[in-house]
Amino acid sequence: MRVVPQPQLSPERPRVLVVCPGPWDQVALGERFHARFTLNFHGQKLVEQPSLWEGIRFDVFRWVEHAVETWRGQELAGILGTGDYPGCMFAALIGEQLGLPVPSPESVVRLSHKYYSRRIQQRHVPEATPDFEPFDPFAGPPRLKTLDYPLFIKPVKGTMSIRAQLVRDPGELRRAVHFSWRERVEKHLLLRPFQHLLHRYTEGQVPAHWFIAERPLEGVQVTVDGFVERGTPVIMGIVDSVMYPGTISFQRFDYPSRLPEPVQARMRDVAVRLMRGSGFNHACFNIEMFYDPQRDTVQVIEVNPRMSYQFADLYERVDGMNTYEAQLALAVGRPVPWRAKAGRDGAASSFVLRRFSDARVLRVPSAEEIAELQAHFPGTIVQVLCAPGERLSSHDQDVGSFRYGIINMGAPTYAELLERYREVERRLNFEFASPDLGAARATASTQRSA
């Protein structure tokens, strides 16, 4: 990549490199912060065309070295990556070599690996860490040494809850980790860059393609969002995760949390102790947790060493500051002026539109229809996750459901928010062809019982 020399930049408009930007990054950063930062995107193709970096010839360190040489001397003030894989990892690697404020690559890699992350949790928040055990899904029938059924299993490096599920006996476990030959090859190729990072930053006990089994957790699920500034963890807020009834598929994410304040205080304490002990610094993070009201326990589900980009505008609506703004300030070494409850709304949610059966997409809302809806409900964000002609199963999905859209909204109260959402979902015109029912119009409400 050839970089055209740029004019001298003003300190008031620092240049920030955004590594492997996803759709949320390109929209949110491009629209909101262009006037205050000079933003450059690098590595879009690794997200848009993953086959370019899944191939066996991809060398993560050579790619990082090339990026470093490309941007050295270009007056970068900061670098960030909000993507789970590979954005936040590659940003840390590049930024370290350029001397920019970034988390250490080792802390990002270890926190991104569910087994090594659990080891960190064991040391710093043992009371909030469930029993766990790693296993190789490709080494014949899995044999666990310390845990008994039922178990919750998930890949040590995964996304969107893919292949994460409860198993009740050895038969269910074998079926859960049954991969075709093609799936095995694709999994190894996809995770090959991460495996290279594990060789450098860990002792290599648990490879990237392994799974982890854990004692099942239950209760109210939340996400604790925060950042670490000059070694000091700061908690921004707690978001409630609401599931579709009887499933582990997210229906919506509500901010602020409605858990009792003493419970939230315990969650904030766990998050602060964990992130302080992890060595993570100069960036946003989010930690998924469970509160079990029957046992009155707080447990960590997983740690994500990156910001929750899907929740960025929820915080702006309620607290008055978009979390992209917090991440940009951290990236250039500026103090984060975080204030709670300084926004225009009292409640905000990110709603996830799902079907519970596969389908071919016939129609999605047009840009004109979305613009008309946004004019009626200012500030509403609509992200369409599919296109006409596609099958929903052609996109990454969790076990048992198929996302096709996301709607972010705010309102003075939760009651008003839900009322506005019902009107928005009614006006969004998605159409699908079901193999057994033929063409049918579908909205989020019609899919809840699918």
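Here is what the cut-offs are and how they apply
Residues numbered from 1 in each chain as written. Predicted model: local features only at pLDDT ≥ 70, side-chain atom pairs only at ≥ 80, totals over all residues. Heavy atoms only, no water. Pairing = 2+ DSSP bridges. Helix = DSSP H or I, 4+ residues; strand = E, 2+ residues; numbered from the N terminus. Axes fitted to C-alpha atoms, helices over the stretch in contact; angles between N-to-C directions. Contact = heavy atoms within 4.5 Å. Salt bridge = Lys/Arg side-chain N within 4 Å of Asp/Glu carboxyl O. Buried < 20%, exposed > 50% of the residue type's maximum accessible area, 1.4 Å probe, protein only. pLDDT = per-residue confidence, 0-100. Phe/Tyr/Trp six-rings, centres within 6.5 Å; stacked < 30°, edge-to-face > 60°. Lys NZ or Arg CZ within 6 Å of the ring centre and 35° of its normal. Polar contact = N/O pair within 3.5 Å; in protein donor to acceptor, adjacent residues only side chain to side chain. Core = buried A, V, L, I, M, F, W, Y, C linked by side-chain atoms within 4.5 Å.

### Some words on the sheet that holds strand S6 (residues 165-167)
So, point 1. With respect to topology, four strands assemble into an open sheet ordered S4-S7-S5-S6, the strand pairing being antiparallel. A single partner strand is all that each edge strand has here, and the edge strands are strand S4 (132-135) and S6. Each strand axis lies, on average, 30 degrees off the axis of its neighbour in the sheet, ignoring direction.
So, point 2. In this structure, strand S5 (residues 151-155) lies alongside strand S7 (residues 211-214), joined through four bridges in antiparallel fashion. Bridging from a neighbouring strand, Phe152 pairs with Glu214 of S7.
So, point 3. Along the sheet, helix H7 (residues 114-124) makes contact with S4, S5 and S7, crossing S4 at roughly 155 degrees.

### Observations regarding the pattern of salt bridges
So, point 1. Inspection of the entire model under this criterion finds 28 salt bridges.
So, point 2. Among the ionic pairs, Arg168 bridges to Glu172, the shortest N-O distance being 3.4 Å.
So, point 3. Arg168 sits in the exposed class, given a relative accessible area of 51%.
So, point 4. Of the charged contacts, one joins Asp296 and Arg266 as a salt bridge, the two residues approaching to 2.8 Å between their closest N and O atoms. Of this pair, Asp296 sits in the loop between strand S11 (283-292) and strand S12 (297-304) while Arg266 sits in helix H10 (residues 261-278), placing them 30 residues apart in sequence.
So, point 5. Judged by its relative accessible area of 32%, Arg266 is partly exposed.

### Some remarks on the pairing of strand S9 (residues 232-243)
Side chains on a regular strand alternate between the two faces of the sheet.
So, point 1. Of the pairings in the sheet, the one linking strand S8 (residues 220-229) to S9 comprises nine bridges and is antiparallel in character. Bridged to Val228 within S9 is Pro233.
So, point 2. Bridging between S9 and strand S10 (residues 250-255) involves four bridges; their strand directions are antiparallel. If you follow Met243 over to S10, its bridge partner there is Phe250.
So, point 3. What sits between S9 and S10 in their antiparallel hairpin is a turn of six residues, with Gly246 showing a positive phi close to 75 degrees.

### Some points on the confidence of the model for the protein
So, point 1. Mean pLDDT over the protein stands at 90; residues scoring 70 or higher make up 91%.
So, point 2. Scored below 50 in pLDDT, residues 1-9 makes 12 contacts in the model with residues more than four places away or belonging to other chains.
So, point 3. Counted against residues more than four places away or in other chains, residues 437-450, with its pLDDT under 50, gives 34 contacts.

### Remarks on the sheet that holds strand S2 (residues 38-42)
So, point 1. One open sheet holds the three strands; their spatial order is S2-S1-S3, and the pairing between them is parallel. The strands lining the two open edges of the sheet, one partner per strand, are S2 and strand S3 (76-80). The average undirected angle you get between the axes of adjacent strands in this sheet is 25 degrees.
So, point 2. Direction of pairing for strand S1 (residues 15-19) relative to S2: parallel, over a ladder of five bridges. Considered in S2, the bridge of Val16 is made with Leu39.
So, point 3. Helix H5 (residues 87-98) rests against S1 and S3 of the sheet, and its axis sits at about 155 degrees to S3.
So, point 4. Packed on one face of the sheet, helix H12 (residues 323-331) meets S1, S2 and S3 and runs near 130 degrees to S3.

### Structural notes on the pairing of strand S16 (residues 402-411)
So, point 1. For S16, a buried count of nine out of 10 residues is recorded, marking the element as mostly surrounded by other parts of the structure.
So, point 2. Where strand S13 (residues 347-355) and S16 come together, nine bridges link them in antiparallel fashion. If you follow Val352 over to S16, its bridge partner there is Ile406.
So, point 3. Pairing analysis gives four bridges linking strand S15 (residues 381-384) to S16, with the strands arranged antiparallel. Paired with Ile381 across the two strands is Asn408, which belongs to S16.

### Topic: the packing of aromatic side chains
Within a pair of aromatic rings, the relevant descriptors are the distance that separates the centres and the angle that separates the planes.
So, point 1. Throughout the structure, instances matching the rule amount to 17 aromatic pairs.
So, point 2. Judged by centre distance (5.1 Å) and plane angle (40 degrees), the ring pair of Trp63 and Phe90 falls under tilted. Within this pair, whereas Trp63 is found in helix H4 (residues 60-71), its partner Phe90 is found in helix H5, the two being separated by 27 residues in sequence. Side by side, Trp63 and Phe90 carry an identical accessibility label, which is buried.
So, point 3. Taking the centre distance of 4.9 Å and the plane angle of 70 degrees together, the rings of Tyr404 and Phe432 count as edge-to-face. Placement of Tyr404 in strand S16 and of Phe432 in strand S17 (residues 430-434) is noted, with a sequence separation of 28 residues between them. Grouping residues by exposure puts Tyr404 and Phe432 together as buried.
So, point 4. A network of ring pairs unites the aromatic residues Phe135, Phe138, Phe179 and Phe211 as a single cluster.
So, point 5. The aromatic ring of Tyr116 is capped on one face by Arg110, whose charged end is 5.4 Å from the ring centroid.
So, point 6. The positively charged end of Arg258 is found above the aromatic ring belonging to Tyr414, 3.8 Å away from the centroid.

### Things to note about the side chain of Ser401
So, point 1. Take Ser401: it is sitting in the loop between S15 and S16.
So, point 2. A distance of 2.9 Å separates polar atoms of two side chains, one belonging to Ser401 and the other to Ser249.
So, point 3. At 3.1 Å, the side chain of Ser401 forms a polar contact with the side chain of Arg354.
So, point 4. Setting aside chain neighbours within four positions, we find Ser401 in contact with Ser249, Arg354, Arg355 and Phe356.

### A closer look at the nonpolar core
So, point 1. Core analysis: the biggest nonpolar cluster contains 64 residues, and Val19, Trp63, Phe90, Met267, Met275, Ile287 and Met289 have the highest contact counts within it.
So, point 2. Residues within four places of Val19 in sequence aside, it is in contact with His42, Trp63, Ile79, Leu80, Gly81, Gly87, Phe90, Ala91 and Ile94.
So, point 3. Ranked by size, the runner-up nonpolar core spans 36 residues in total, among them Trp24, Cys284, Ala312 and Tyr324.

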